[in-house]
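Listed here are the chains, written in short residue letters.
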Amino acid sequence: MSAHPELTPEQLLVLRETLDDDIARLGRRLAHLKADDSVALDQQAIGRVSRMDALMNQGLAQASDQRAVRDLAAALEARDRMDDGTYGLCGGCGQPIPFARLDAMPEARNCARCG
Ligand SMILES: [Zn+2]
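**Student:** How should the coordination of the zinc ion be read in this particular structure?
**Tutor:** Tetrahedral coordination by four donors sets the ideal angle at the metal to 109.5 degrees; octahedral coordination by six donors sets it to 90 or 180 degrees. Surrounding the zinc ion are the protein donor atoms C90 (SG), C93 (SG), C111 (SG) and C114 (SG), at 2.3 Å. When the donor residues of the zinc ion are listed from N- to C-terminus, their spacing reads C-x2-C-x17-C-x2-C. Remark: C111 occurs in the segment after helix 4 (99-104) and C90 occurs in the loop between helix 3 (63-84) and helix 4; sequence separation between them is 21 residues. Overall, the relative accessible area of 9% leaves C111 in the buried class.

What follows is the structure, encoded as structure tokens:
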């Protein structure tokens, strides 16, 4: 496990803030799902990707909800990678993902070549 060798702390901060904004926005977007307490999206539970899987498996009625849940899960996974130091490394080839790509898609898991 090695950290991204090219990202500056400033770039990482920008990406982190973008992800946090996305997570907050998607959390609000999905707040209506709180109506079902078995899938409660409180601020503690929202940190667990497994909770997102549970939501997906419930066969949500709205396609737009499913998209938002997927986006939220991707953003949460990216934040997890930031915490464990593997953020920005391609999940396919292991090479650092260029900042320009991360800037456009902070939740990107792979480099452009690996898709
Ligand atoms: Zn790659």
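**Student:** What exactly am I supposed to notice about helix 1 (residues 9-29) here?
**Tutor:** An α-helical turn contains 3.6 residues, so a residue and the one three or four places further along point in the same direction. With 21 residues, helix 1 extends 30 Å from end C-alpha to end C-alpha; this agrees with the ideal 30 Å at 1.5 Å per step. Among all positions in helix 1, only L15, L19, I23, L26 and G27 are buried. The arc enclosing the buried residues of helix 1, seen along the axis, measures out at 110°, which places them on a common side. Across helix 1 from its buried face, at more than 90 degrees, point the exposed residues E10, D21 and R28. Those residues of helix 1 hidden inside the fold are in contact with helix 3 and helix 4.

**Student:** I'm lost on the pattern of salt bridges in this one. Help?
**Tutor:** Side chains carrying opposite charge are able to pair once their charged atoms draw close together. Going through the model one piece at a time under the given rule, you end up with six salt bridges. One salt bridge in this structure joins R79 and D20, with 2.6 Å as the shortest N-O distance. Taken together, the positions of R79 in helix 3 and D20 in helix 1 put the pair 59 residues apart, joining distant regions of the chain. Owing to a relative accessible area of 33%, D20 belongs among the partly exposed residues under this scheme.

Calculation notes
- Residues numbered from 1 in each chain as written.
- Predicted model: local features only at pLDDT ≥ 70, side-chain atom pairs only at ≥ 80, totals over all residues.
- Heavy atoms only, no water.
- Donors = N, O, S within 2.8 Å, 3.2 Å for Na, K, Ca; no water.
- Helix = DSSP H or I, 4+ residues; strand = E, 2+ residues; numbered from the N terminus.
- Buried < 20%, exposed > 50% of the residue type's maximum accessible area, 1.4 Å probe, protein only.
- Expected span 1.5 Å × (residues − 1).
- Arc of directions from axis to C-beta.
- Contact = heavy atoms within 4.5 Å.
- Salt bridge = Lys/Arg side-chain N within 4 Å of Asp/Glu carboxyl O.

Geometry only, nothing functional implied.
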